[in-house]
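For reference, the chains in residue letters:
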Amino acid sequence: MMSLKSFILPLFLIPGLVDQEPNFAQMREQKNEAFKKGEVLKFRLHYGIIDAGVATLEVKEEDKKFGNRSAYHIVGTGETRGAFDWFFKVRDRYETYIDQKSIAPWVFIRRVDEGGYKINQNYVFNHYKSSVIADGKHFDIPAYAQDMLSTFYYARCLDFSNAKPGEVFSMESFVDNEVYPVKIRYMGREVITTDLGTFKCIKFRPVVQKGRVFKKEEDLNVWITDDKNHIPIRAQAEILVGSIKMDLTDYKNLQNPISRIK
């Protein structure tokens, strides 16, 4: 298996990796007021009443460039804890390198180990040609398609100030060697109380495929802060074999003041 170091280093050493196309200056610019380097978000996962695991999302304090383009390096990790570790051990790591101006990914790395089932994926995106090399295979993709992790950060940059209940926001993502449309339905504003306190939130309902994991679309709901950070406060799902809840437990180095009610 190719190591992360042997995969990533050559990408930074190739001169002009992403600025070799004549339309170099024509990439889109996506306004980002949601996150910055150094941001860390931590979550706790519950399965029913059981603490099942923890997850962390971190925007690294690094200066990365692809060609002449500056990029964010974002790492997401997740692992089971306690009793869950005994019978279904999970150790997941996701990495994405996102262009700072377009909020589109250059590189995506996935290392998944779930109960002994392992997935290793390396994607290199070319947004000048709307293509991606996924584990040595070439695929055409829609303009500025995201990866599994960068989709979340791109969604945080969207403007929901004039959204109306029922409105659907769509994003194209490249997942498991195919283009997957990610859709989230705006449900309105609510106030959520967790162990961290009480927050003004925006509620979303991801549009999910019914019958496989979820019985119906309304079985999955997500609440994000009603501020410019748009960080998740809670995600709750009713699945075919029980219920899952994920709560934010800690945060630091946010870009903006958080919508916490004192």
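Residues numbered from 1 in each chain as written. Predicted model: local features only at pLDDT ≥ 70, side-chain atom pairs only at ≥ 80, totals over all residues. Heavy atoms only, no water.

A. Layout of the packing of aromatic side chains. Enumeration over the complete set of coordinates arrives at 14 aromatic pairs. An aromatic cluster is built from Tyr94, Phe108, Tyr123, Phe125, Phe139 and Phe174, whose rings are joined through pairwise contacts. (Phe/Tyr/Trp six-rings, centres within 6.5 Å; stacked < 30°, edge-to-face > 60°.)

B. Fine view of a nonpolar patch on the surface. There is a patch of nonpolar side chains on the surface, built from Trp86, Phe87 and Phe88 and spanning about 450 Å² of accessible area. Relative to the assigned elements, Phe88 resides in the loop between helix H2 (83-87) and strand S5 (90-99). Exposure remark for Phe88: the relative accessible area of 39% places this residue in the partly exposed category. (Patch = residues over 30% accessible without salt bridge, like charges linked within 9 Å, V, L, I, M, F, W, Y side chains within 5 Å. Areas by Shrake-Rupley, 256 points an atom, 1.4 Å probe, with all protein chains shown as cover. Salt bridge = Lys/Arg side-chain N within 4 Å of Asp/Glu carboxyl O. Helix = DSSP H or I, 4+ residues; strand = E, 2+ residues; numbered from the N terminus. Buried < 20%, exposed > 50% of the residue type's maximum accessible area, 1.4 Å probe, protein only.)

C. Main features of the pattern of salt bridges. The tally for this structure, following the rule as stated, stands at 15 salt bridges. When the shortest N-O distance is used, the salt bridge between Arg81 and Glu79 registers 3.1 Å. Taking relative accessible area as the criterion, Arg81 reaches 42% and is therefore assigned partly exposed. A residue is classified by how much of its surface remains accessible, and Glu79, at 31% relative accessible area, is partly exposed. When the shortest N-O distance is used, the salt bridge between Arg189 and Asp226 registers 2.9 Å. Here the residue Arg189 occupies a position in strand S11 (residues 178-194), and Asp226 occupies one in the loop between strand S13 (220-225) and strand S14 (232-239), the gap between them amounting to 37 residues. Taking the relative accessible area as the measure of exposure, Arg189 reaches 42% and is therefore partly exposed. Classification of Asp226 by relative accessible area gives partly exposed; the value is 27%.

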